[in-house]
Protein chains: 2
Amino acid sequence: MEHFRQQCRDRGLAITHQREVIYRAMSEMRDHPSPEAIYEVVRASLPSISLGTVYKNIRTFLDSGLVKEVSLHHGSLRLEVNTTPHHHLVCVSCKAIVDLLEEDVEPVRLHRRRPSGFQIQRISVEAVGLCAACAGDAGPVRKSAR
Amino acid sequence: MEHFRQQCRDRGLAITHQREVIYRAMSEMRDHPSPEAIYEVVRASLPSISLGTVYKNIRTFLDSGLVKEVSLHHGSLRLEVNTTPHHHLVCVSCKAIVDLLEEDVEPVRLHRRRPSGFQIQRISVEAVGLCAACAGDAGPVRKSAR
DNA sequence: TTGACAAACGATAATAATTATCATCTAATA
DNA sequence: TATTAGATGATAATTATTATCGTTTGTCAA
């Protein structure tokens with residue numbers, strides 16, 4: 001938690017009790033929780049906290065790089081007609097998705113330990129970065145707020 | 001498009017004009033569109049279609065396996081405190097996410113062609129399948145509707 | 001310390017994405 | 001071609017998330 005406090009100081013974020021409780025909850029939850037799930041845990045020790053505060057601080061933590069979001073496309077459903085196995089390039093800035101042919105990626109190999117009993121059906125590779133437009137001279141395209 | 005019609009017949013889905021136009025639009029859009037984006041394209045040739053119909057048919061296509069969704073976690077923001085590079089196991093049934101250590105996956109190699117100008121920052125591997133609980137004797141856990 | 005001020009909080013309203021409802025219409029098939 | 005289950009369009013409802021706003025609280029300089 002001292003690490004958290006230092007990160008807040010470095011970024012000019014006030015160290016509030018709510019923020020500490022939210023961050024601690026996120027650290028202890030190993031299942032990549034949703035804001036709602038974090039709220040439920042946080043309420044146990046801070047019953048008067050509001051869901052809005054949880055959302056606001058998650059956004060603040062994201063914007064300052066303190067935490068990360070698992071999926072870049074949670075905001076809206078994205079679809080594809082190509083149902084054969086392939087991979088994706090994803091632009092962190094404009095969220096564009098471009099196909100990467102399966103034969104252009106060497107087969108992915110997992111070794112050793114893996115959570116027991118998990119049956120892998122397919123492996124999908126996401127190459128995350130900047131598309132040509134967003135990497136261009138003009139700097140990144142303004143990314144949407146969510 | 002005959003392929004589409006046959007798939008509909010195989011699955012007992014009525015072949016409506018709306019469905020053909022929606023499926024054709026999705027096939028021609030190479031950027032993994034959202035329902036809203038599909039709606040905009042479809043309206044060009046079918047101005048009286050409703051957004052609800054587009055959503056309903058996308059859901060029908062998904063349920064019958066005619067199309068796929070790019071991200072399994074579009075419904076809600078999912079977070080993680082671990083900001084160091086690592087990978088994920090994702091359960092298609094209950095959407096659980098479990099970390100896969102970076103050292104348990106052999107480095108991913110891309111070769112040859114890749115869309116010009118894309119700057120890759122990191123490569124993330126998603127091993128998609130069934131977690132132990134969902135693969136268990138009792139059959140898959142009831143997955144949420146969205 | 002304390003006091004001023006910017007920032008954060010809680011409550012609540014607003015927005016965006018998606019699903020549900022329902023009366024009408026149409027594709028399937030007999 | 002008549003029947004009917006399923007599809008459509010209009011619209012209401014729900015869910016996830018963000019914005020607003022008056023009050024409260026960290027932060028920092030005096």
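Model, not experiment: these values are computed from the prediction. Throughout, residues of each chain are indexed from 1 in the direction in which the sequence is written. By the order in which they are written, chains take letters starting at A while ligands take numbers starting at 1. For this predicted model, a pLDDT threshold of at least 70 governs which residues receive local features, and a threshold of 80 or more governs which side-chain atom pairs are given and counted, while totals over whole chains, interfaces and linings are taken from all residues.

S.K.: What is the right way to read the interface of chain A and chain B from this model?
M.R.: Quite often, the size of an interface is put as the accessible area lost when its parts meet. This entry defines residue contacts through backbone-placed C-beta atoms, with two residues in contact when those atoms are within 7 Å. Between chain A and chain B, the residue contacts involve 59 residues of the former and 58 residues of the latter. What counts as a helix is a DSSP run of H or I of at least four residues, what counts as a strand is a run of E of at least two, and both are numbered from the N terminus. If you list the elements that add at least two residues to the side of chain A that touches chain B, you get helix H2 (17–28), strand S1 (68–69), strand S2 (79–80), strand S3 (87–91), strand S4 (97–100), strand S5 (119–130) and helix H5 (132–135) of chain A. Counting residues per element, the side of chain A that touches chain B draws most heavily on S5(A), which supplies 12 residues. Classes in brief: Ala, Val, Leu, Ile, Met, Phe, Trp, Tyr, Cys and Pro nonpolar; Asp, Glu, Lys and Arg charged; the others, Gly included, polar. Across the side of chain A that touches chain B, the residue classes break down as 29 nonpolar, 17 polar and 13 charged.

S.K.: Before we go on, may I ask you to explain the sheet that holds strand S4 (residues 97–100) of chain B in this structure?
M.R.: With mixed pairing, the 6 strands of this open sheet are ordered in space as S4(A)-S3(A)-S5(A)-S5(B)-S3(B)-S4(B). Unpaired on one side and paired on the other, S4 of chain A together with S4 of chain B mark the two borders of the sheet. With strand direction ignored, the average angle separating the axes of adjacent strands in the sheet is 30°. In this sheet, strand S5 (residues 119–130) of chain B lies alongside strand S3 (residues 87–91) of chain B in parallel orientation, the contact comprising 4 bridges. The partner of His88(B) across the bridge, within S5(B), is Glu126(B). When DSSP finds at least two bridges between two strands, those strands are taken to pair. To get an axis, a line is fitted to the C-alpha atoms, and for a helix only the part in contact is used. The angle between two axes follows their N-to-C directions and goes from 0 to 180 degrees.

S.K.: It is not clear to me how helix H1 (residues 2–11) of chain A should be interpreted in this structure. Could you clarify?
M.R.: Residues separated by three or four positions in an α-helix point in the same direction, a consequence of the helix having 3.6 residues per turn. Field definition: a residue is buried when 20 or more other C-beta atoms are found within 10 Å of its C-beta, exposed when 12 or fewer are, and partly exposed for counts in between, with C-beta atoms placed from the backbone. With respect to burial, H1(A) is a largely exposed element, only 1 of its 10 residues being buried. One or two positions beyond H1(A), positive phi appears at Gly12(A), with a value near 70°.

S.K.: Just to check I follow, could you spell out the relation of the copies chain A and chain B for this structure?
M.R.: Both copies of the chain are related through a single rotation about an axis accompanied by a shift along the same axis. All copies are superposed by least squares; the fitting set is the C-alpha atoms of residues with a pLDDT of at least 70 in both. Here chain A sits on chain B after a turn of 180° about the axis and a move of 0.0 Å along it, with an RMSD of 0.1 Å. Both copies are brought into coincidence by an operation consistent with a two-fold rotation axis. When C-alpha positions in chain A are compared against the rotation axis, the closest is assigned to His74(A), at 1.7 Å. Of the interface residues in chain A, 98% have counterparts in chain B that sit at the interface too, so the contact is made through matching surfaces.

S.K.: Honestly, the confidence of the model for chain A in this entry has me stumped. Any pointers?
M.R.: Low-confidence regions, as indicated by low pLDDT, have predicted coordinates that should not be scrutinised in detail. As a per-residue quantity, pLDDT reports the predictor's confidence and falls between 0 and 100. Confidence in the prediction of chain A, expressed as mean pLDDT, is 90, and 92% of residues score 70 or more. Considering only residues more than four positions removed or in separate chains, one finds that residues 140–146 of chain A, a stretch of pLDDT under 50, has 10 contacts.

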